[in-house]
Amino acid sequence: MAAAGALVLALSAVVVAGSAAHAAEVTPAVAARTVTLITGDRVTLDGGAVTVTPGPGRSGIPMATSTAGGRARVVPADALPLLRADKLDARLFDVTGLVAAGYDDRRADLPLITSGGAAVSGARVRTLAGIGATAVRTPKRNLARDWKARTGAGKVWLDAKGTFTAAAGAQQIGAPLAWQQGLTGAGVTVGVIDSGVDVTHPDLAPVVAAQTDFSTGTPTTEDVHDRLGHGTAVASILAGQGTASDGRYRGVAPGVRLVSAKVGDFEVTESAVIAAMDWVAGAQRAKVVNMSLGFPNTPGNDPLETAVDELTDRYGTLFVVAAGNDGNNGNDPANGDDYLINSPADAPAALSVGAVDSDDRLADFSSRGPGLDGESIKPEITGPGVDITHALSVDAGPGPYEVGSGTSFAAPHVAGGAAILAQKHPDWTPAQLKAGLMGAARPTDGLGAYSQGAGRIDVARAVKATVVADPPSLSLGTQTAAKSVTYRNHGPRPLKLALRVTAPFTVSTTTLTVAAGGVATAQVAVPATVTGGAHTGRLTATAGDQVVTTPVAVVRERARAGLDLHVLGLDGLPTEDHYTQVIGLDTPYLHDSVFDYPWTPDLSLRVPTGRYAILTQYFAEAADGTYTSVAIAQPAVTVTAATDITVDTRTAKPVTATLPDAGARFDAGAVEFGVRTPTGWAAYAANSYGGTLRSAQLGGNGDALTSLVRLAYTSGTGVYHLAWPLKGRAPNGFTGTVTARDLAAETGEIGHQLTGSQLEMMAGVHVPGIPLTFAALTTDASANRYFSTAGGVSWSTGLYEWREEEGYEEVRVVGEPRRYEAGREYTAAYNAPVIAPCLTGDGITWTGDRLRVRVAMDCDSAGHAGTTTGATGRTTLFRDGQQVAFADLAGEATLRAPRNRAGYRLRLEHSRPAVAVSSTASTVDWTFTDPAAAPALDTVRIEPLASGVRLTPPAGTRSMTLAASYDDGATWQAVAVRPGAGGTYRAALTGTGYASLRMTAKGAAATVTETVIRALPPA
């Protein structure tokens, strides 16, 4: 039930939290992303690593960090008091969410909303008179200066942005295959209840048949604008024509008749939404209505949920509703306080929609269920909702398109699919449309029904299906009694269904014959012996190429007990200045004191009985401005009855090290905790930058905890990166002693990829058997590096390079984890040309109809994978000369195409900013006929020699050619190559000026042509 008052538009792009100077479980990605926080500190996410570079003048500020459930959060110590006083929006420190919103350093400003006299610099975008606030775009180069000047007056929010996907998302759900059958939603009326639609946008002008504004009290059709831009985005994903992009960003159902009901700009009311629902469903007779909006949910049916159910029944309208962007808080699905599905997505008749990325991985921000009744399966289906390209309203900004993320943008993918299915089956009821879409969905292995419902929508499968299940999802509640699933066959022939169900559920039969036009029923049950908590699975019915998926769930009660925590500061008094996490070891549970209110010295919780790890980070500022950072861990606390614990930070002892170089200066340190939970690993840390670091353990050891002491030093002879893993316990203070014989030495020159840039070296730690990257601290970029080897750790080292001026460009390069041996010497150079593409992760794979491309476009000649912000590019797949799939990012794409033999060309195009020292543009073209060749596709590695280059082509290369250009590719001349050792080739270059290179390597199954403009700078 929605609370009375204002409704908040479900504006995608949820925020998540960050980790300073440490790294852990973050969803892997090829392209590293760097975020500048409002404090001016920079945080880089790169696969599993999270690295913090303190902002100008902030080298002594420690950081509280957490990485759990794929969300990285970084909270500087001097921001904690302002967060506690409600002067700052916590989303400003949710690094994963900032990246998802497109607020990383690919853009040069940070969008903010200020009120109450809070002063920030930058361009004023708009005045929000309704809430007494102003929207501002603050240049990121000003953030550290503005932060230092803050007086604490007023409040600063993140100006959160919704993001949408059209073309790529339409391909992902199989819409083009439906189009080929003439199914575009033609003849179907679809309503969009949102912030209005820009009817002047070329993609939407031919589609919108009617528009009314319900936000003004008296409905009007005059001068309706979409000032927020949200409704235009949603409408374009659903039904955009793609006119402004030559058809590239076509919506899912471009043939529909679209009607738009505006319900507000930044605030809306329930009454406005209900009036809009009645107009769209009643007066306009919409078969499908998209609602990418949501209210806080409270028990029972609120007016919105009642309206959804009643209007569905009265008019035969299917309401498709975004589930919300509240994400996974790691808590217990059986706990009623943790339900995060918005209203009206929780209405029984609504089709509630979660979000997945292009690889069908659940988006971190996507709200989880169950419904507020504690039993119903919500969300019921997912759609693409990460990095979605959508139309941009002329009132919201310049340019025809923008990119964003959120369940707001997943919902119109599903609504468009519903319209296509309604065209195929015009007599189907809302319940049948819902069942058809859910039954044909593709579930992601490893995700429960309360996360994804039936799975990701598949329009191509839905329009071919003739069998649907009733109900489309089955909740057994808290009972042990069996419940029925009835299959209806809409086809002309009988079908024999093979049934299977995942444990712990059982099904009454393994086969079921459904007559043409008939029904047949099976029973699903769960044993009475199933233990407490939530259990989900799926019932699958298969007949030939038809697959019907029905998510099933049961919730068993679990015992709970009280847990009271009291935190004392270094002065012995109760303190609010702590960052405490209570992490379930036996059941999914997480309480985070920064993001779960209230924020007090004492925490009083009701938790499921079981074992918990309790971690506390605390920061105290001295009169001279230096900080003491404290990390305290309780590895395994058993809670079976009322439990009372006092965390006294005075028990913590210093963490330090003795080095062979007496002149070494302490740069940074961290005590980080990795915790193995029922849902994966999580990491939390206290970090110190030049201050004092202390640690302690309370209680006994625990096998779910691994600690890491991480210290970094700089001296005149080089930099020292030291790490000591401690399994099962936390350090009660720590003094590490290392001699020269304990260290590995690495030497190698470090170059620049950008003009006028600054450099820092990053080093992250890998502990054997732990799938985390720990404590990626930064030091000066030195040609001499020393690494500790205790505990068998491996190191991921790399460079972070950035410019403060103009475009705020950045480059990050990182190598594969390397395990060093004590006493040995190693060499490694960074940023040496030629900067060129190289494969990362799994490289290129083609499984089913998914072609997955993972290529870093700016690798140095040593093979360190690199990315550049401000670069532009594209990944395109051609079949027999025709473009069949694309993505607007070079080297990072998941393309959908049938895996059939044909004449294929996979092309990557990449251009770097003008401040790049070399390799300003590159392309890679692979040609092949058999999709089975995809895993063998590779690039040519190019290393400079004294008077030429050494080329290392893909394995199996039979012939190699090279051409060079000295006028940036305007003209080319052939260059002789001669075979070298180990399958390499050598070539002499005789021209002057910048040398551009074009290489072609032919193998038995594929040919690659790689072009790098300005590959080598003048000698």
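Residues numbered from 1 in each chain as written. Predicted model: local features only at pLDDT ≥ 70, side-chain atom pairs only at ≥ 80, totals over all residues. Heavy atoms only, no water.

Taking an unreviewed UniProt entry as the reference, the chain is identified by name as S8 family serine peptidase belonging to Paractinoplanes lichenicola.

What follows deals with the nonpolar core. Among the nonpolar cores identified, the biggest contains 73 residues, and Ile-38, Leu-88, Leu-92, Phe-93 and Leu-722 are the most heavily contacted of them. Broken down by element, this core gets its largest block of residues, five residues, from strand 42 (residues 705–715). Those residues in contact with Leu-92, other than ones at most four positions away along the chain, are Leu-37, Ile-38, Leu-98, Leu-110, Leu-112, Val-156, Trp-157 and Leu-158. Counting 57 residues, the second largest nonpolar core, distinct from the first, contains Val-197, Leu-204, Val-288 and Val-320. (Core = buried A, V, L, I, M, F, W, Y, C linked by side-chain atoms within 4.5 Å. Buried < 20%, exposed > 50% of the residue type's maximum accessible area, 1.4 Å probe, protein only. Helix = DSSP H or I, 4+ residues; strand = E, 2+ residues; numbered from the N terminus. Contact = heavy atoms within 4.5 Å.)

Here the focus is the sheet that holds strand 33 (residues 590–592). Spatially, the seven strands line up as an open sheet ordered 33-32-35-36-41-38-44, and their pairing is mixed. Lying at the two open borders of the sheet, with one neighbouring strand each, are strand 33 and strand 44 (734–737). With strand direction ignored, the average angle separating the axes of adjacent strands in the sheet is 20 degrees. Across two bridges, the pairing between strand 38 (residues 653–658) and strand 41 (residues 692–697) is antiparallel. Across the sheet, residue Lys-653 finds its bridge partner in strand 41, namely Ser-695. (Pairing = 2+ DSSP bridges. Axes fitted to C-alpha atoms, helices over the stretch in contact; angles between N-to-C directions.)

Quick look at the environment of Asp-41 now. By secondary structure assignment, the location of Asp-41 is in the loop between strand 2 (33–36) and strand 3 (42–46). On the basis of relative accessible area, Asp-41 is assigned to the buried category, the value being 0%. For the pair formed by Asp-41 and Val-52, sequence separation is 11 residues and the distance between their alpha carbons is 7.0 Å. Filtering out sequence-adjacent residues up to four positions away, Asp-41 remains in contact with Val-35, Thr-36, Thr-53, Pro-54, Gly-55, Arg-58, Met-63 and Pro-76. At a separation of 2.6 Å, a polar atom in the side chain of Asp-41 contacts the side chain of Thr-39. From its side chain, Asp-41 meets the backbone nitrogen of Gly-55 in a polar contact 2.8 Å long. (Polar contact = N/O pair within 3.5 Å; in protein donor to acceptor, adjacent residues only side chain to side chain.)

Below, the discussion takes up the UniProt feature "active site" (unreviewed entry) in the chain. The feature "active site" (unreviewed entry), as given by UniProt, occupies Asp-194, His-230 and Ser-408 in the numbering adopted here. For the annotated residues, spread through 215 residues, the largest C-alpha to C-alpha distance comes to 10.0 Å, consistent with a single compact locus. Relative to the elements of secondary structure, His-230 occurs in helix 6 (residues 230–239). Residue class for His-230 comes out buried when judged on its relative accessible area of 2%. (UniProt positions renumbered as here; feature names shortened; annotations may be inferred.)

With that settled, the discussion passes to the packing of helix 7 (residues 270–283) against helix 8 (residues 303–315). With their axes 10 Å apart at the nearest point, helix 7 and helix 8 run at an angle of 10 degrees to one another. Classified by the interaxial angle, the pair formed by helix 7 and helix 8 is roughly parallel. Residue-level inspection shows Glu-270, Val-273, Ile-274, Met-277, Asp-278, Ala-281 and Gly-282 of helix 7 in contact with helix 8, the latter providing Pro-303, Leu-304, Ala-307, Val-308, Leu-311, Arg-314 and Tyr-315. (Parallel < 35°, antiparallel > 145°, perpendicular 65-115°, else oblique.)

To continue, consider the pattern of salt bridges. As enumerated under the stated definition, the model contains 42 salt bridges in all. Between Arg-227 and Asp-265 there is a salt bridge, with the nearest N and O atoms lying 3.8 Å from each other. Of this pair, Arg-227 sits in the loop between strand 12 (208–213) and helix 6 while Asp-265 sits in the loop between strand 13 (257–262) and strand 14 (268–269), and the two are 38 residues apart along the sequence. Arg-824 is paired through a salt bridge with Glu-821; the nearest N and O atoms lie 4.0 Å apart. One network of salt bridges, in which partners are shared, links Asp-360, Arg-442, Arg-456, Asp-458, Asp-849, Arg-850 and Arg-896. (Salt bridge = Lys/Arg side-chain N within 4 Å of Asp/Glu carboxyl O.)

Once that is clear, we can look at the packing of helix 6 against helix 9 (residues 407–424). Direction vectors running N to C along helix 6 and helix 9 enclose 35 degrees, while the axes themselves pass 8 Å from each other. Every pair of crossing elements has a handedness; the one defined by helix 6 and helix 9 is right-handed. Residues His-230, Ala-233, Val-234, Ile-237 and Leu-238 of helix 6 touch helix 9, and the partners they reach there are Ser-408, Phe-409, Pro-412, His-413, Ala-415 and Gly-416. (Left-handed = near helix turned anticlockwise from the far one by under 90°.)

Here the focus is the side chain of Ser-121. Here Ser-121 lies in the loop between strand 7 (109–115) and strand 8 (123–128). Looking at Ser-121, the relative accessible area reads 18%, which means it is buried. Among the polar contacts made by the side chain of Ser-121, one reaches the side chain of Asn-142 at a distance of 3.1 Å. Here Ser-121 is in contact with Val-136, Arg-137, Thr-138, Pro-139, Asn-142, Arg-145 and Asp-146, once residues within four sequence places are set aside.

What follows concerns the sheet that holds strand 27 (residues 511–514). Pairing within the open sheet is mixed, and its five strands lie in the order 23-30-29-25-27. For this open sheet the edge positions go to strand 23 (474–475) and strand 27, each flanked by a neighbour on one side alone. For strand 29 (residues 533–543) and strand 30 (residues 546–556), the ladder comprises 11 bridges, and the chain directions are antiparallel. For Ala-541, the partnering residue across the bridge sits in strand 30 and is Val-548.

On to unusual backbone geometry, then. Note: most residues except glycine have negative phi, and most peptide bonds are trans. With an omega of 10 degrees, the peptide bond running from Ser-343 to Pro-344 counts as cis. One can find Pro-344 in the loop between strand 17 (318–322) and strand 18 (351–356). The residue after Gly-369, namely Pro-370, is reached through a cis peptide bond having omega 10 degrees. Its place among the elements puts Pro-370 in the loop between strand 18 and strand 19 (381–384). You will see that Asp-387, though not glycine, has its phi angle at about 55 degrees, which is positive. Note on placement: Asp-387 falls in the loop between strand 19 and strand 20 (388–391). Even without being a glycine, Arg-1014 presents a positive backbone phi close to 55 degrees.

The subject of this paragraph is helix 6. The buried count for helix 6 comes to 10 of 10 residues, which makes it a mostly enclosed element. Residues His-230, Gly-231, Thr-232, Ala-233, Val-234, Ala-235, Ser-236, Ile-237, Leu-238 and Ala-239 constitute the buried set of helix 6. Turning to helix 6, the residues buried within the fold contact strand 11 (189–194), strand 13, strand 15 (288–291), strand 20 and helix 9.

It is worth spelling out the packing of aromatic side chains at this point. Remark: the centre distance and the inter-plane angle together describe each pair of aromatic rings, the angle taken between the planes. Summed over all chains, the structure comprises 13 aromatic pairs. Pairing Phe-787 with Trp-795 gives two aromatic rings, centres 5.3 Å apart and planes at 55 degrees, and the pair type is tilted. Here Trp-795 falls in the buried class, since its relative accessible area comes to 0%. Through successive ring pairs, a cluster of aromatic residues spans Phe-787, Trp-795, Tyr-820 and Tyr-826. Over the aromatic face of Phe-886 sits the side chain of Arg-248, whose NZ or CZ is 5.3 Å from the ring centroid. Over the ring of Tyr-994 we find Arg-1014, and its NZ or CZ is 4.2 Å from the ring centre. (Phe/Tyr/Trp six-rings, centres within 6.5 Å; stacked < 30°, edge-to-face > 60°. Lys NZ or Arg CZ within 6 Å of the ring centre and 35° of its normal.)

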